[in-house]
Amino acid sequence: MTELLDRDQVREHLVRPYTPQSSSSDQKRQIERIKQLLIERDATLVAHYYTDDVLQSLAEATGGCVADSLEMARFGSKSPSSTLVVAGVRFMGETAKMLSPEKRILMPTLEATCSLDIGCPAAEFSAFCDAHPDRTVVVYANTSAEVKARADWVVTSAIALDVVAHLHEKGEKVLWAPDKHLGRYVAEQTGADMLMWDGACIVHEEFKAKGILDIKRVYPDAAVLVHPESPQSVVDLADATGSTSQLINAAKALPHDTLIVATDRGIFYKMQQAVPEKLLVEAPTGGNGATCRSCAHCPWMAMNALDNLEQCLKEGLGEVTVDEAVRVKALVGLDRMLAFKSGR
Ligand code: 13P
Ligand code: SF4
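Reading the values: rules and limits
- Residues numbered from 1 in each chain as written.
- Chains lettered and ligands numbered in written order.
- Predicted model: local features only at pLDDT ≥ 70, side-chain atom pairs only at ≥ 80, totals over all residues.
- Heavy atoms only, no water.
- Near = heavy atom within 4 Å.
- Nonpolar A, V, L, I, M, F, W, Y, C, P; charged D, E, K, R; others polar.
- Polar contact = N/O pair within 3.5 Å; in protein donor to acceptor, adjacent residues only side chain to side chain.
- Core = buried A, V, L, I, M, F, W, Y, C linked by side-chain atoms within 4.5 Å.
- Buried < 20%, exposed > 50% of the residue type's maximum accessible area, 1.4 Å probe, protein only.
- Contact = heavy atoms within 4.5 Å.
- Helix = DSSP H or I, 4+ residues; strand = E, 2+ residues; numbered from the N terminus.
- Salt bridge = Lys/Arg side-chain N within 4 Å of Asp/Glu carboxyl O.
- Phe/Tyr/Trp six-rings, centres within 6.5 Å; stacked < 30°, edge-to-face > 60°.
- Pairing = 2+ DSSP bridges.
- Axes fitted to C-alpha atoms, helices over the stretch in contact; angles between N-to-C directions.
- Domains from an automatic or database assignment.
- Buried area = accessible area lost by both parts, 1.4 Å probe.

### Thoughts on the site of ligand 2
Item 1. Taken together, Y50, V89, C114, S115, L116, N142, C201, V203, E229, C298 and W300 are the residues near ligand 2.
Item 2. Split by residue class, the shell around ligand 2 holds eight nonpolar, two polar and one charged.

Right, dumping it as C-alpha cells:
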C-alpha cells in the first residue's frame with residue numbers, strides 16, 4: 001500500500017510527460033509573415049532541437065533544418081541561400097559564419113549564449129594550452145570562435161568519441177575543453193589520456209540519479225536516454241548515451257515503450273515525431289527536495305522566439321560577425337571535424 005502511495009506521489013511530483021504546444025491564431029498569422037520574409041530575404045532557418053516546437057516546425061515547413069549542432073553546421077555550409085537564420089545559441093551562429101563567410105548569418109538574438117562558452121574565456125584557455133604544448137587541443141563546438149582558434153580539432157558530442165579514439169590510436173594525448181562531464185565520458189569510453197578544462201552545462205548538470213531512480217520505480221520497464229553533458233551518476237543509469245540526434249535514433253532503435261529522457265525537453269518535439277507510439281518522460285532535475293532550480297530547458301535556447309525571429313528578418317538585426325584572422329585559425333579544427341570519417 002505504502003509502495004503504491006509512493007508511486008502516485010512520484011508520478012504527481014516528478015513525471016512530466018511531453019504534451020505538444022499548439023499555436024494561437026495570432027501565432028499562425030505571424031508564422032505566415034515569417035514564411036514570406038524568409039522567401040523575400042532568400043533566407044533559410046536552421047534550428048536546434050532545443051528551441052521551441054514552433055520554431056522547429058517552422059524550420060521544417062520552410063525547407064530549413066532541425067538538427068544537432070554537427071548537422072546544423074553541415075546543413076548551413078551546403079545551403080544555397082544567401083542568408084541563414086540560426087535559431088540556437090551564439091556558438092552555432094558563429095560556426096555557421098566561419099563555415100560560410102560569404103553568407104549573411106542572422107540570429108533572433110545575439111544574447112543567447114551557453115554556460116560552456118561563458119566558462120571558457122579565450123585568454124585563460126590560451127594560457128592553459130601554452131602550459132601543455134605536448135597535447136593535441138580538442139575543443140567542444142560549444143565555445144567561442146577565439147577558443148576554437150586555439151584548437152587542433154573541434155568536435156560536437158556526435159563525433160567526439162570517434163575523433164578522440166582516432167587521436168588515442170595515434171598515441172596523442174589530449175587537452176580537452178570545456179565540458180568536464182562529456183570529457184570524462186569520452187576518456188572512459190576511449191581510454192585516451194585527457195587533461196580537462198573545468199566547465200559544465202548548467203542544464204544537464206541538474207539531472208540527478210536519485211530522481212531518475214524514482215521515476216524508474218513508476219516505469220520500471222522504461223529505457224533511460226542521457227546526453228553525455230550529464231554527470232557520471234546519471235550516465236551510469238543510461239540505456240543509451242549520445243548527442244541529441246543519437247538519442248533520437250536510440251529512441252527509435254530501443255524496444256521500450258517508455259523513455260525517460262535526460263536532456264533539454266526541446267528534443268521531445270522531434271523525438272515524439274520519430275516514436276509517436278512511445279511515452280516520453282522528462283528526467284527530473286534538482287533531485288530529492290528540488291526547488292525547481294532547473295526545468296530541463298536551456299535558458300539561452302529559450303530566448304529564440306517568433307517575435308525576435310520576425311524582427312531579425314525584417315530589420316536584419318542580430319547579424320553574426322567573426323574577425324577574419326580568428327575565423328581562418330578556427331577553420332582548421334572545424335574543417336577537420338567536417339572532413340572526419342569515422343573508421344570505427
Ligand atoms: P548536440 O551537439 O548534441 O546538439 O548538443 C548541443 C548542446 O548544446 C547540448 O547541450
Ligand atoms: Fe550550452 Fe547547456 Fe544550453 Fe547546450 S543546453 S547550449 S550546453 S547551456
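### With respect to the site of ligand 1
Item 1. Residues in close proximity to ligand 1 include H48, Y50, D68, S69, N142, S157, H204, H227, E229, S243 and T244, which together make up its full environment.
Item 2. At 2.7 Å, a side-chain N or O of H48 approaches an oxygen atom of ligand 1.
Item 3. In this structure, N142 approaches ligand 1 through a side-chain N or O atom, which is 3.1 Å from an oxygen atom.
Item 4. Its residues assigned to classes, the shell around ligand 1 shows one nonpolar, eight polar and two charged.

### Concerning the nonpolar core
Item 1. With 118 residues, the main nonpolar core has V85, F125, W176, L225, M271 and L309 as its most contacted residues.
Item 2. Excluding anything up to four places from it in sequence, W176 contacts V138, Y140, V155, A160, L182, G183, M194, L195, M196 and W197.

### A closer look at the environment of L106
Item 1. Looking at the secondary structure, you find L106 in strand β4 (residues 104-106).
Item 2. Between the C-alpha atoms of L106 and V86, which are 20 residues apart in sequence, the distance is 6.3 Å.
Item 3. Sequence-distant contacts of L106, that is, excluding residues within four places in its chain, are made with T83, L84, V85, V86, C312, G316, L317, G318 and E319.

### With respect to the pattern of salt bridges
Item 1. Summed over all chains, the structure comprises 19 salt bridges.
Item 2. Close ionic contact of R150 with D130 constitutes a salt bridge, the shortest N to O distance being 2.9 Å. Of the two residues, R150 sits in the loop between α8 (145-148) and β6 (153-155) while D130 sits in helix α7 (residues 122-130), which places them 20 residues apart along the sequence.
Item 3. A residue is classified by how much of its surface remains accessible, and R150, at 30% relative accessible area, is partly exposed.
Item 4. Connected through salt bridges with shared partners, the residues R33, E310 and K314 form a single ionic network.

### A closer look at the packing of aromatic side chains
Item 1. Across all of its chains, the model carries four aromatic pairs by this definition.
Item 2. With 5.8 Å between their ring centres and 80° between their planes, F125 and W197 make a pair best called edge-to-face. Here F125 is found in helix α7, whereas its partner W197 is found in the loop between β8 (194-196) and α11 (209-218), with 72 residues between them in sequence.
Item 3. Take W197: its relative accessible area is 11%, and that puts it in the buried class.
Item 4. Consider the rings of F128 and W197, whose centres lie 5.3 Å apart with planes at 65°: the pair is edge-to-face.

### Digging into the sheet that holds strand β10 (residues 240-241)
Item 1. Spatially, β10-β9-β11-β12 is the arrangement adopted by the four strands of the open sheet, whose pairing is parallel. Taken across any chain shown, the strands that pair with only one partner, and hence form the sheet edges, are β10 and β12 (279-282).
Item 2. Where α11 meets the sheet, its contacts fall on β9 (223-226), β11 (258-262) and β12, and the angle it forms with β11 comes to roughly 170°.
Item 3. Against the sheet, helix α13 (residues 244-253) engages β9, β10 and β11, with an angle of about 165° to β9.

### Regarding the environment of S57
Item 1. Turning to its location among the elements, S57 is positioned in helix α3 (residues 53-61).
Item 2. By relative accessible area, S57 is classed as partly exposed at 28%.
Item 3. Sequence separation between S57 and Y269 is 212 residues, and the spatial gap between their C-alpha atoms is 8.7 Å.

### Describing the pairing of strand β5 (residues 136-140)
Item 1. Within β5, five of the five residues are buried, leaving the element largely enclosed by the surrounding structure.
Item 2. Side chains of β5 alternate between two faces, with T136, V138 and Y140 and V137 and V139 buried alike.
Item 3. As defined by bridge partners, β5 adjoins strand β7 (residues 174-177) across four bridges and the pair is classed as parallel. Considered in β7, the bridge of V138 is made with W176.
Item 4. The sheet contact formed by β5 and β6 spans three bridges and is parallel. Residue V138 lies in a different strand from β6, and its bridge partner there is W153.

### A closer look at the domain arrangement of the protein
Item 1. For the protein, the domain assignment lists domain 1 (25-114 + 301-321), domain 2 (116-201) and domain 3 (203-282).
Item 2. For domain 2 and domain 3, the distance between their C-alpha centres works out to 25 Å.
Item 3. For the domain 2 face of the interface with domain 3, the top three residues by lost area are H181, Y185 and C201, together amounting to 48%.
Item 4. Counting the contacts that link domain 2 with domain 3 gives one salt bridge.
Item 5. E205 is the partner of K180 in a salt bridge, and the nearest nitrogen-oxygen pair spans 4.0 Å.
Item 6. At the junction of domain 2 with domain 3, the criterion picks out nine residue pairs in polar contact (both at pLDDT 80 or more).
Item 7. The greatest single-element share of the side of domain 2 that touches domain 3, amounting to six residues, is contributed by helix α10 (residues 180-190).

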